[in-house]
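Breakdown of the fold
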Amino acid sequence: MPRLGPDKLGLGVNAALESYYAKLPSFKAEVERVRDAFADATMYEALTSRLGSLKEEDWKGKQARDVILKTLDELIKFAA
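The present account deals with the structure reproduced in this document. Along each chain, numbering runs from 1 in the same order as the chain's sequence is written. Owing to the predicted nature of the model, reporting of local features is limited to residues with pLDDT of at least 70; listing and counting of side-chain atom pairs is limited to 80 or more, with chain, interface and lining totals taken over all residues. Note: side-chain values were computed over all heavy atoms of the structure, leaving out hydrogens and water.

A run of H or I in DSSP counts as a helix once it spans at least four residues, and a run of E counts as a strand once it spans at least two, with each numbered from the N terminus. Helix and strand counts for the protein come out as three helices and zero strands. Starting at the N terminus and walking to the C terminus, you meet the elements of the protein as α-α-α. We call two residues in contact whenever any of their non-hydrogen atoms come within 4.5 Å of each other. By sequence separation, contacts in the protein at least 24 residues apart represent 56% of the contacts at least 6 residues apart. Computed by Shrake-Rupley with a 1.4 Å probe, the accessible areas treat only the displayed protein chains as cover when residues are assessed. Accessible surface for the protein amounts to roughly 5800 Å². Of this, 57% is attributable to carbon and sulfur atoms.

This is how it looks when you write it as structure tokens:
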């Protein structure tokens, strides 16, 4: 897990980021488990790769929580 510095308020690691990084291994295991359930494998790969590889530079000037949720929403819309 990457070392995370203080957030903009100097309050330490953002809880959303801490949770995101802690759950990545489980997310990646589930991605592999259901990979064959989707007809559009290219879109599935793009969306799951995006959600599974967010980095600190992806939320520069934004709330990390919002970036994570937007990316997750795109995956949910695809899967629905």
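Additional details are given in the paragraphs that follow.
The next thing to look at is the packing of helix α1 (residues 15–34) against helix α2 (residues 41–52). Think of two packed helices as two axes; the pair is described by the angle between the axes and how far apart they sit. Between N-to-C directions, angles span 0 to 180 degrees; the directions come from axes that are lines fitted to C-alpha atoms, helices contributing only their stretch in contact. Direction vectors running N to C along α1 and α2 enclose 165 degrees, while the axes themselves pass 10 Å from each other. Taken together, the axes of α1 and α2 are roughly antiparallel relative to one another. The chirality of how α1 crosses α2 is left-handed. Of α2, the residues touching α1 (which contributes Tyr 20, Leu 24, Phe 27, Lys 28, Glu 30, Val 31 and Val 34) are Tyr 44, Thr 48, Leu 51 and Gly 52. Residues are grouped as follows: Ala, Val, Leu, Ile, Met, Phe, Trp, Tyr, Cys and Pro are nonpolar; Asp, Glu, Lys and Arg are charged; every other residue, Gly included, is polar. Of the residues that constitute the contact of α1 with α2, the class distribution is seven nonpolar, two polar and two charged. Angles are sorted into four bins: roughly parallel if under 35 degrees, roughly antiparallel if over 145, roughly perpendicular if 65 to 115, and oblique for all others. Throughout, a crossing is termed right-handed when the near helix is turned clockwise from the far one, and left-handed when it is turned anticlockwise from it by less than a right angle.

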